[in-house]
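What follows is each chain in one-letter form.
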Amino acid sequence: MIVALAGGVGGSKLVLGFSRVLPPDQLSIIGNTGDDIEVLGLRICPDLDTLTYTLSGRVNPQTGWGIGEDSFACLEALARLGAPSWFQLGDQDLATHLWRTLQLKQGESLTRVTANLCQSLGVEQNLLPMTDSYVPTHVLTDQGELHLQEYLVREACCPTVQAFKHTNIEKAHPAPGVAESIMAAQAVFLCPSNPFISMNPILAVPGLRKLLIATQAPVIAVTPIVEGRALKGPAAKMLQELGYPVNPTSIARFYQDFLDGFVLDARDIQLREEIEALNITVITANTLMESVEDKIKLANRLLETL
Ligand code: FO1
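The paragraphs below set out a description of the structure included in this document. Predicted, not measured: the structure shown is a model, and the values here were computed from it. Each chain has its residues counted from 1, running along the sequence as written. Local features in this predicted model are restricted to residues whose pLDDT is 70 or higher, and side-chain atom pairs enter the listing and the counts only when it is 80 or higher, whereas totals over whole chains, interfaces and linings include all residues. Hydrogens and waters are ignored; side-chain quantities use all the structure's heavy atoms.

### A look at the overall build of the chain
Operational definition: Numbering of helices and strands starts at the N terminus; helices are DSSP runs of H or I of at least 4 residues and strands are runs of E of at least 2. Computation of the radius of gyration draws on C-alpha atoms, with the globule rule given as 2.2 Å multiplied by the number of residues to the power 0.38. Residue exposure (1.4 Å probe, protein chains only): buried if accessible area is under 20% of the type maximum, exposed if over 50%, otherwise partly exposed. The contact criterion used is simple: two residues touch if any of their non-hydrogen atoms lie within 4.5 Å. To measure how exposed things are, a 1.4 Å probe is used in the Shrake-Rupley method; for residues, cover is taken only from the protein chains shown.
Of the regular secondary structure elements, the chain holds 13 helices and 14 strands. Expected size for 306 residues packed as a compact globule is a radius of gyration near 19 Å; at 18 Å, the chain falls within 12% of this value. Projected onto the principal axes, the alpha-carbon positions of the chain cover approximately 60 × 45 × 40 Å. Looking at the chain as a whole, 55% of its 306 residues are labelled buried. Of all intrachain contacts in the chain linking residues separated by at least 6 positions in sequence, the fraction that spans at least 24 positions is 68%. With the model as given, the accessible surface of the chain reaches about 12,700 Å², and the carbon-plus-sulfur share is 52%.

Have a look at this one:
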């Protein structure tokens, strides 16, 4: 069984590739929930939804989040009433948030709610939240403390990042099934997601990092940085603002304590030695995933190294 740690849009590309080459019961995904936010009284889980919508073929292909062809009539009506509308919630997307919020209010765990949503949308892979606790990431910036979505969406990643806070994470535990899947895995992959806002929240769940060290399975990270640029989103800007070199070696160093392998894009082959010097095996591949074929090719390339 393959386990993938995944964040949002970048991570969901490789997860889609794996879903096309592995039987559904051979793929478990541990999804980041640090992006989660309460909007209009609803619990939104952007990365779990991106993964669910991607695996069910519903995701908006242009943005990588939300539902394709969705309408925004409710949001427009809310804006007319003076409600905040900077976070674009489509009408069909709202159904997911309404249904999730109701089930959570009725005492269901996020793990159960996520499994219910996957079942309803025909997703057969095992999608697990990293934890059942609500642990939203806040970003400390030169414009004060912002919820991650305020930074990403409302402020369009403009503020200068100084630090991250994973609210209440010290009280959190890995969700049911997370430890079992990591310990039973044939391999664990960290998908090409932002190290700060997609991977670190997962790694910050107490006990999670220890599981990645303890498992017999090789733990392999796929670079989210190619030729000094992030595949998606603000990872390069964050590295630079936090004083790290904007290159794949910085990423390998973040995960060095548990990492066995690192997938370097062929365009950065010159960094091979310095990453191997961290006692990490380097795999080279084309990690840019534009088409579904690219995603399938990368997934196959990774599986053949096992
Ligand atoms: N991203 C945006 O850039 N603008 C939005 O208005 C927006 C709304 C939104 C609503 C639901 C959802 O699940 C995701 C949404 N995203 C939006 C994407 C989200 O901010 C990021 O993709 C993830 O948090 C990063 O992985």
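Structure's up, so let's keep going.
### What about the side chain of T131?
Note the cut-off: Any pair of N or O atoms that falls within 3.5 Å is considered a polar contact. Within protein, one atom must be able to donate a hydrogen and the other to accept it, and sequence-neighbouring residues count only if both atoms are side-chain atoms.
With respect to the element layout, T131 can be found in the loop between β5 (126-129) and β6 (137-141). Given a relative accessible area of 0%, T131 falls into the buried group. Of the polar contacts made by the side chain of T131, one reaches the backbone oxygen of H173; its length is 2.6 Å. Look past the residues within four positions of T131 in its chain and what remains in contact with it is T33, L110, A172, H173, P174, A175 and V205.

### Some words on the sheet that holds strand β7 (residues 144-147)
The following threshold applies: Strands qualify as paired when DSSP identifies two bridges or more between them. Convention adopted: a line fitted to C-alpha atoms gives each axis, helices being fitted over their contacting stretch, and angles between N-to-C directions are expressed from 0 to 180 degrees.
Spatially, β7-β6-β8 is the arrangement adopted by the three strands of the open sheet, whose pairing is antiparallel. For this open sheet the edge positions go to β7 and β8 (161-166), each flanked by a neighbour on one side alone. Neighbour-to-neighbour, the strand axes of the sheet open up by a mean angle of 25°, direction not taken into account. Bridge analysis of β6 against β8 gives five bridges, and the strand direction is antiparallel. Note on β8: the bridge partner recorded for T137 is H166.

### Quick word on the pattern of salt bridges
This is how it is decided: Any carboxyl oxygen of Asp or Glu that lies within 4 Å of a side-chain nitrogen of Lys or Arg is treated as forming a salt bridge with it.
A full pass over the atoms with the stated rule returns ten salt bridges. In this structure, K237 engages E241 in a salt bridge whose closest nitrogen and oxygen atoms are separated by 2.6 Å. You can see K237 and its partner E241 sitting in helix α10 (residues 235-241), four residues apart, about one turn around the helix. E241 sits in the partly exposed class, given a relative accessible area of 23%. In this structure, E276 engages R272 in a salt bridge whose closest nitrogen and oxygen atoms are separated by 3.2 Å. With E276 and R272 both in helix α12 (residues 272-276) and four residues apart, the pair spans about one turn of that helix. Under the relative-accessibility criterion, R272 is labelled partly exposed at 26%. Taken together, the shared-partner salt bridges in this structure form one network comprising E150, R154 and E155.

### Quick look at the sheet that holds strand β14 (residues 281-285)
Where strands meet in a sheet, backbone hydrogen bonds hold them as pairs that are either parallel or antiparallel. Within the open sheet, the seven strands sit side by side as β5-β2-β1-β9-β10-β13-β14. Their pairing is parallel. The strands lining the two open edges of the sheet, one partner per strand, are β5 and β14. Geometrically, the sheet is characterised by an average inter-axis angle of 25° between neighbouring strands, direction not taken into account. Both strand β2 (residues 27-31) and β5 contribute to a ladder of four bridges, which runs parallel. Along β5, the bridge assignment pairs I29 with L127.

### A few points about the site of the ligand
Defined as follows: Throughout, the term near means that a residue has one or more heavy atoms lying within 4 Å of the molecule or strand in question. The way it works is a 1 Å grid over only the protein atoms, where trapped points that fit a 1.4 Å probe form a cavity and open points with protein on both sides within 12 Å along at least five of seven lines form a pocket, and then any residue with an atom within 4 Å of a point lines it. The rule for placing a molecule in a cavity or pocket is simple: more than half of its atoms must lie within 2 Å of the grid points.
Around the ligand there are 13 residues in total, and D35, P46, D47, Q88 and Q149 lie nearest to it. Note that an oxygen atom of the ligand is positioned 2.7 Å from one of the side-chain N or O atoms of D47. One of the backbone N or O atoms of Q88 is found 2.9 Å from an oxygen atom in the ligand. Isolated, the ligand exposes 530 Å² of accessible area, and the fraction of that covered by the protein chains is 85%. More than half of the atoms of the ligand fall within 2 Å of the grid points belonging to the largest pocket. Within the residue set of the shell around the ligand, elements represented by two or more residues are α2 (46-55) and α6 (148-154). Residue contributions to the shell around the ligand peak at three residues, all from α6.

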